Amino acid sequence: MKQKEFRKKGKEEWFHVPEEFRKLTGMYGITLDGIGIYSGGRFDKAYYCNANKEQVSNFERVKGCTMLLRGSGVRFCFYELPEQEQKVLLLVSVRAGLLETAQNAFLGLEKDIQGNLYTFGITIYPLKAEDKLYLMHHLIMQDAVRARIDVRKYMEKTSGWLPDFKLDHYEEKKEVLVSKERASSVMYVRKIPAEHVARACRKIREEKSCRMLVTAFEPVTDQQVKECLQSNYIGLEASLQAIIRRKRGVGRISDEKDERRYVYAGIYFVISAGTEAELEQDKRQLEQELKQFGGKIEPYQYYQKQTWQKLSCLNPWEVCQTRLLQSGSIAAMNPFYQEDRVPESDEIGVKAELLAVFDAMAEKQGGAGWH
């Protein structure tokens, strides 16, 4: 008999999720305080964020937020949800061998983030299990306005909402999902030069049809970047050495010290309109506006439902359309960034005191769950 409810086994600290839910989301367990458990030793936790009244400059706010998250060595992701009262969701993912190790990693991370981000003008609120499941269900059912989506006690009344994750209220076409209420497309950013990615994100964010913008980041060490360059530039060693001598861009990479200049980034978004024709018009207009940045946006052909499921179920790292970016770009992509310019990587402060403090904290805890 298939499991139909979230339930504990014995004295375990977490709940096993229903089989149907696990197949659709990849999550096989969840704790009451909202830690999602995945195979391969991956754990995640979600937080709502909003700007508070602390009197700090916008650049300092974003610099501090970026340094803390990038410096921690964990995967992190921002969900911008205009239809939900302009809410911003921060999703953090760690790898650990045991749930207890992951819990300690989140406790340490939260202690540092909650205090320092508040000083930087950002307040975060952790989502407990019920809140997290409610959000996932709401995102899945956005285009079923007349459906009964306000389910309560998600961990008990599974029969009332788990079938919704099959997305039966959608008809999937080549590049679009169509429901009775709206037509939607799940898209991603590709081929835009790194120096223009932040500006492209801003254009997408300002698009009236955009209902979800997801920016997912995975840290990568400078040494890994250098090794990748060396393995992919066979026969061009002289050119690579010239770049390194100039100490610009990737040339700043050294063997001796990891200055954390890079991340892998995926940029995904959903746009919607009342009809397919209106949706196509909005997509063409956005494509035209992004041409100035020398790149493209693309829909997921024939994988619209699957991609919608992954993004709505807070599993953006499974989408896997990533590119390498410098830290300056990810600071300017921050949902709270308001200035026009894209800061240089050096301005993010790779040697700044905050990052040094974070490094010391990670070393003190033996690096468990952080790297």
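Cut-offs and rules
- Residues numbered from 1 in each chain as written.
- Predicted model: local features only at pLDDT ≥ 70, side-chain atom pairs only at ≥ 80, totals over all residues.
- Heavy atoms only, no water.
- Helix = DSSP H or I, 4+ residues; strand = E, 2+ residues; numbered from the N terminus.
- Buried < 20%, exposed > 50% of the residue type's maximum accessible area, 1.4 Å probe, protein only.
- Contact = heavy atoms within 4.5 Å.
- Areas by Shrake-Rupley, 256 points an atom, 1.4 Å probe, with all protein chains shown as cover.
- Axes fitted to C-alpha atoms, helices over the stretch in contact; angles between N-to-C directions.
- Parallel < 35°, antiparallel > 145°, perpendicular 65-115°, else oblique.
- Left-handed = near helix turned anticlockwise from the far one by under 90°.
- Nonpolar A, V, L, I, M, F, W, Y, C, P; charged D, E, K, R; others polar.
- Core = buried A, V, L, I, M, F, W, Y, C linked by side-chain atoms within 4.5 Å.
- Phe/Tyr/Trp six-rings, centres within 6.5 Å; stacked < 30°, edge-to-face > 60°.
- Salt bridge = Lys/Arg side-chain N within 4 Å of Asp/Glu carboxyl O.
- Expected span 1.5 Å × (residues − 1).

Enquirer: Would you explain the overall build of the protein chain in this entry?
Expert: Across its full length, the protein chain carries eleven helices and 14 strands. In the protein chain, which comprises 371 residues, the share counted as buried stands at 53%. Sequence separation of at least 24 residues holds for 74% of the intrachain contacts in the protein chain that already meet a minimum separation of 6. Of the roughly 17700 Å² that the protein chain leaves accessible, carbon and sulfur atoms contribute 49%.

Enquirer: Help me understand the packing of helix 5 (residues 197–206) against helix 8 (residues 276–290), please; the structure alone is not making it clear to me.
Expert: Working note: a packed helix pair is described by the angle between its axes plus the distance between those axes. Direction vectors running N to C along helix 5 and helix 8 enclose 155°, while the axes themselves pass 10 Å from each other. Accordingly, the angle class assigned to the pair helix 5 and helix 8 is roughly antiparallel. Here the hand of the crossing between helix 5 and helix 8 comes out right-handed. Side by side, helix 5 and helix 8 meet where Ala200, Lys203 and Ile204 of the first sit next to Leu286, Glu289 and Leu290 of the second. Counted by class, the contact of helix 5 with helix 8 contains four nonpolar, no polar and two charged residues.

Enquirer: Please clarify how the environment of Gln142 should be interpreted in this entry.
Expert: Secondary-structure assignment places Gln142 in the loop between helix 4 (129–140) and strand 8 (171–172). The buried category is assigned to Gln142, whose relative accessible area is 8%. For the pair Gln142 and Ser179, spaced 37 residues apart in the sequence, the C-alpha separation amounts to 10.0 Å. For Gln142, the contacting residues outside a window of four places in its chain are Glu83, Arg182, Arg211, Met212 and Trp308.

Enquirer: How should I be thinking about the nonpolar core in this particular structure?
Expert: Most often, soluble globular proteins have nonpolar side chains that are buried together. Ranked by size, the top nonpolar core spans 56 residues in total, and within it Phe43, Phe78, Leu90, Ile204, Phe217, Phe269 and Met333 carry the most contacts. Dropping the residues within four chain positions of it, Phe43 is found in contact with Ile35, Gly36, Ile37, Val92, Ser93, Val94, Ala96, Leu98, Leu99, Ala102 and Phe106. Grouped together as the second largest cluster of nonpolar side chains are 46 residues, Val17, Tyr38, Trp161 and Tyr268 included.

Enquirer: How should the packing of aromatic side chains be read in this particular structure?
Expert: Note on aromatic pairs: each is described by the distance of the centres and the angle between the planes. Throughout the structure, instances matching the rule amount to twelve aromatic pairs. Considering the side-chain rings of Phe21 and Phe165, the 5.7 Å spacing of their centres and the 70° angle between planes classify their relative orientation as edge-to-face. In this pair, Phe21 sits in helix 1 (residues 19–25) while Phe165 sits in the loop between helix 4 and strand 8, placing the two residues 144 residues apart along the sequence. The two residues Phe21 and Phe165 agree in class, both being buried. Among the aromatic side chains, those forming a connected cluster through ring pairs are Phe6, Phe21, Tyr134, Tyr154, Trp161 and Phe165.

Enquirer: Teacher, can you tell me more about the pattern of salt bridges here?
Expert: Think of it this way: side chains of opposite charge can pair up when their charged atoms draw near. Inspection of the entire model under this criterion finds 13 salt bridges. Residues Asp143 and Arg182 are paired through a salt bridge, measuring 3.1 Å at the closest nitrogen-oxygen approach. Of the two residues, Asp143 sits in the loop between helix 4 and strand 8 while Arg182 sits in the loop between strand 9 (177–178) and strand 10 (183–190), which places them 39 residues apart along the sequence. On the basis of relative accessibility, which here comes to 1%, the residue Asp143 falls in the buried class.

Enquirer: Quick question: what am I supposed to make of helix 3 (residues 99–119) here?
Expert: Along an α-helix, residues three or four apart share an orientation, since each turn contains 3.6 residues. Relative to the 30 Å expected for 21 residues at 1.5 Å per residue, helix 3 spans 30 Å between its end C-alpha atoms, a close match to the ideal helical length. For helix 3, the set of buried residues is Leu99, Ala102, Gln103, Ala105, Phe106, Gly108, Leu109, Glu110, Asp112, Ile113 and Leu117. Just beyond helix 3, the residue with positive phi is Gly121, at close to 95°.

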